[in-house]
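The residues making up each chain are set out below.
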Amino acid sequence: MSETIRIGVLGLQGDVEAHCDAVIRTGQAVPVVVRDRDELAAVAGLILPGGESTTIGKLLDRTGLGAAIAARARSGMPIYGTCAGMILLATAICGSQQPRLGLMDIEVERNAFGRQVDSFEADIAAPRFGATPLRGVFIRAPYVRRAGAGVEVLASYETRIVAVEQGRLLATAFHPELTGDLRVHAYFVRQCMGAVSAPQIG
Ligand code: GLN
């Protein structure tokens, strides 16, 4: 029997616990809260939770963990970013020079849905995760203004792109960890299992 896979949840700030719970409930992996390079070294994949992207970005820079995460990503470690995590993955953030990982060829706009609808829920069709729509929980969420040629759009809300994938990088503007629907986490865990068993190339 293969060893249980360990999935990291970046634990600098944000909704860390909800992601840990979701990872546990997939029944396929155990969560590890990642706050330093040693903890990062122990995981097969990493979830970047929602929270405040400016705060998390500054802490990633200050601790050197950002550079370590980028290096792991370049050698094939899967990363899943939700909300602030999506912002941190983006190469471009509209009107902001805030620190970021900058690993995905996307441009995002923060707090994109305006103050009136600051937080809302909507059904989001995302065939990659199954025929039934996901319940999208949006909390001061970003959206993707531009997705590069190598980026696959997995879901949109009205005209706005809210879920993307580029190689082993996955990002959603919404929060599946708050819904009890484990399909996105289960998908990510499978990606991590594949990354561990696949030979590293490039
Ligand atoms: N608005 C937050 C940011 O820009 C993200 C909100 C969230 O992660 N729920 O960092």
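Since the model is a prediction, treat every value here as computed from it, not as a measurement.

K.L.:
Outline the side chain of E165, supporting the account with residue identities and numerical values.
P.N.:
Among the structural elements, E165 can be located in strand 11 (residues 160-166). Side-chain polar atoms of E165 contact the side chain of R128, separated by 2.2 Å. Polar side-chain contacts of E165 include one of 2.5 Å to the side chain of Y187. Excluding residues within four positions of it along the chain, E165 makes contact with M104, R128, G150, V151, E152, L154, L170, Y187 and Q191.

K.L.:
Tell me what's going on with the pattern of salt bridges, and back it up with residues and numbers.
P.N.:
Applying the stated rule across the entire model yields nine salt bridges. R145 is paired through a salt bridge with E109; the nearest N and O atoms lie 2.3 Å apart. Here the residue R145 occupies a position in strand 9 (residues 143-147), and E109 occupies one in strand 6 (residues 104-109), the gap between them amounting to 36 residues. Since its relative accessible area comes to 47%, R145 is described here as partly exposed.

K.L.:
Explain the packing of aromatic side chains to me, and be specific about the residues and the numbers.
P.N.:
Geometrically, a pair of aromatic rings is defined through the distance of the ring centres and the angle of the planes. In total, this model carries 10 aromatic pairs according to the counting rule given. Between Y80 and F188, the ring centres sit 5.8 Å apart and the planes meet at 45°, which makes this aromatic pair tilted. Of this pair, Y80 sits in strand 4 (residues 79-82) while F188 sits in helix 6 (residues 183-197), and the two are 108 residues apart along the sequence. On the basis of relative accessible area, F188 is assigned to the buried category, the value being 2%. When the centroid spacing of 4.6 Å and the interplanar angle of 5° are considered together, the rings of F120 and F138 count as stacked. In this pair, F120 sits in strand 7 (residues 119-124) while F138 sits in strand 8 (residues 134-139), placing the two residues 18 residues apart along the sequence.

What counts and how
- Residues numbered from 1 in each chain as written.
- Predicted model: local features only at pLDDT ≥ 70, side-chain atom pairs only at ≥ 80, totals over all residues.
- Heavy atoms only, no water.
- Helix = DSSP H or I, 4+ residues; strand = E, 2+ residues; numbered from the N terminus.
- Polar contact = N/O pair within 3.5 Å; in protein donor to acceptor, adjacent residues only side chain to side chain.
- Contact = heavy atoms within 4.5 Å.
- Salt bridge = Lys/Arg side-chain N within 4 Å of Asp/Glu carboxyl O.
- Buried < 20%, exposed > 50% of the residue type's maximum accessible area, 1.4 Å probe, protein only.
- Phe/Tyr/Trp six-rings, centres within 6.5 Å; stacked < 30°, edge-to-face > 60°.

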